Amino acid sequence: MLYINGTWRTSGEKLDVINPATGEVIESIVTGGAEETEEAIAQATEAFKMWKNTTGVKRSNYLATVVKLMRSRSKELAETITSENGKPLADAEREVISAIDYLEWYAEEAKRLYGDTLPASHPDKHLMVLRQPVGVCAAITPWNFPLSMITRKIAPALAAGCTVVLKPASLTPLSAIKVFECFHEAGLPAGVVNLVIGPAAEIGKVMTASPDVRKITFTGSTRIGKKLMRDAADTVKKVSMELGGHAPFIIFEDADLEEAVTGVLMTKFKNAGQTCISTNRVYVAESIAEEFGALLATKTAELTIGNGMDDGVDVGPLINAGALEKVAAQVEDATENGGKIIAGGKVHSFSGGDGYFYEPTVIQYANEEMQIATEETFGPVAPIFTFQTEEEVIEKANHQEYGLAAYCYTKDLGRGLRMMRELEYGIVGINDLAPIVIQAPFGGIKESGIGKEGGKYGLEEYLEEKFVSIHMK
Ligand code: ADP
């Protein structure tokens, strides 16, 4: 299904959407390619002329209506997420809440876009800074949060006065279709939001090449993000990139061990480790490493693997066969390099169907030689490294390439503050396993990205400053 200029397209090539817990086709949907993307951009360009001059209050009201509609369909939205992404239903329900929160936050912000008046350096001059919408935005979103990554981009874009063409991940397009049903029902003017589902490279090429598209906002892999940035350079577009991560989780000897174990369980095994802020390396002070490893292994073994639709499931499937192979290869490489598996370690054979399950896994005696020490895992594997001093762990935890999220557990305030300063990451959680809130800037440094999403920071990404100097003579 495509949604262009306020109309659903129901004919075209079909794409099968697979349930990763069972391997079954959930639905076959209509797709489009370059031609449809061009059309969507043209319509978004036309609609921008009207939308940018719609009042903030009116834009706010539209978004508030979408909030209401999504709330009334929360259950259906959560089930859609679980069916196409695999995550446990309770986690999908949380994602729906967060997706709606973004819409609500930016519905409020739409009314509060202020400019500035600057002190002039000449008595006859009047200086102003206007903040105006960037223009048509192309948004490309991933499959790991098939709903909230969409609203986290579209809500601030619409609040700012931009129009949007969205390409969701081909693995999880059903959540996107549902959001667009809500946009449609809310009566958003035709062309303000458009949805194109289809071959990523083909659609991406049209989006980056078009001079009418003034911004690309992307969440996905560093590799594709770099490509989009390169391609967007020809027309000097604004870009926001939320890319890969390789989060360290550091545990000092004075940390509360139980809490640290919970922290690793939550940051590593939620979404089966398929989030960009998932813990990728656990660093434990050498003196407590054995004790910590044993505790973590015990708790990990207690996690329930299964179809996210079933009650009591903690860990769902990986997204597809490729993801499963990558995780299995990293575990094999880790064991070849001296790692010892103390929980999990295998593909999980599951009676429920042909799903892509991997056991939540803990590997002790991890070292720098292993692929997992530097490559993003995107799966449920926790390697435990050890360290002796604060300086040593800072040096090791800072990654050459990635800089998205880092976690640190200690009861020493001074140490916590030093870690906060020294960790080269866009997001740092000190004794906090969930350093993400709507009002805070979410985003990475280094090759983890450019730009922020969330709060007032997320809105800035869709605005340009225009300086106006008026000589009053
Ligand atoms: P992952 O490896 O996690 O699937 P990707 O970066 O491949 O991450 O995918 C994230 C999003 O980028 C998806 O919507 C995907 O379809 C899209 N994508 C993949 N390749 C391209 C491309 N060449 N141009 C534009 N978008 C792309």
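Calculation criteria
- Once a new chain begins, its residue numbering starts again from 1 and follows that chain's sequence as written.
- Only residues with pLDDT of at least 70 are given local features in this predicted model, and only at 80 or more are side-chain atom pairs given and counted; all residues enter the totals for whole chains, interfaces and linings.
- Hydrogens and water molecules were not included; the side-chain quantities draw on all heavy atoms of the structure.
- Secondary structure elements follow DSSP: runs of H or I no shorter than four residues count as helices, runs of E no shorter than two count as strands, and numbering proceeds from the N terminus.
- C-alpha atoms define the radius of gyration, and 2.2 Å times the number of residues to the power 0.38 defines the globule rule.
- Here a residue-residue contact requires only that any non-hydrogen atoms of the pair lie within 4.5 Å.
- Only the protein chains shown count as cover for residues, and all accessible areas are computed by the Shrake-Rupley method using a 1.4 Å probe.
- Charge counting follows a simple rule: Lys and Arg are positive, Asp and Glu are negative, and His as well as the terminal groups are ignored.
- Note on charges: their place is set at NZ of Lys, CZ of Arg, CG of Asp or CD of Glu.
- Any two strands with at least two DSSP bridges between them are considered paired.
- A fitted line through C-alpha atoms serves as each axis, taken over the contacting stretch for helices, and the angle formed by two N-to-C directions is quoted from 0 to 180°.
- Near, as used in this document, describes a residue that has one of its heavy atoms within 4 Å of the molecule or strand being considered.
- Here a polar contact means two N or O atoms within 3.5 Å. Within protein one must be a hydrogen donor candidate and the other an acceptor candidate, and residues neighboring in sequence count only if both atoms are side-chain atoms.
- Residues were grouped as follows: Ala, Val, Leu, Ile, Met, Phe, Trp, Tyr, Cys and Pro as nonpolar; Asp, Glu, Lys and Arg as charged; and all remaining residues, including Gly, as polar.

A. Molecular detail of the overall build of the protein chain. Summing up its helical and strand segments, the protein chain has 14 helices and 22 strands in all. Against the 2.2 N^0.38 benchmark of 23 Å for 473 residues, the protein chain shows a C-alpha radius of gyration of 23 Å, consistent with a compact globule. Its C-alpha atoms give the protein chain principal-axis dimensions of about 75 × 60 × 40 Å. The long-range share in the protein chain, meaning contacts at least 24 apart out of those at least 6 apart in sequence, stands at 74%. Only carbon and sulfur atoms are counted for the fraction: they give 51% of the accessible area of the protein chain, which is about 19,400 Å². Across the protein chain, the 46 positively charged side chains and the 65 negatively charged ones have centroids separated by 9 Å.

B. Spatial organisation of the sheet that holds strand β14 (residues 340–343). Taken in spatial order, the seven strands make up an open sheet running β14-β15-β16-β13-β12-β18-β19, and their pairing is mixed. Here the strands that pair on one side only, and so sit at the sheet edges, are β14 and β19 (427–430). Pairs of neighbouring strands in the sheet enclose a mean axial angle of 25°, with direction left out of account. Sheet analysis places strand β13 (residues 279–285) next to strand β16 (residues 381–387), joined by four bridges and oriented parallel. Residue pairing in the sheet places V284 in a bridge with T386 of β16. The sheet contacts of helix α10 (residues 289–301) involve β12 (247–251), β13, β14, β15 (361–364) and β16, and relative to β15 the element is tilted by about 165°.

C. Here's a closer look at the site of the ligand. The environment of the ligand is formed by 16 residues, the closest being T141, W143, K167, F218 and S221. Contacts to the ligand include K167, whose side-chain N or O atom sits 2.9 Å from an oxygen atom. For the ligand, the protein covers 77% of the area, taking 550 Å² as the surface of the free molecule. Partitioned by chemical class, the residues of the shell around the ligand number nine nonpolar, five polar and two charged.

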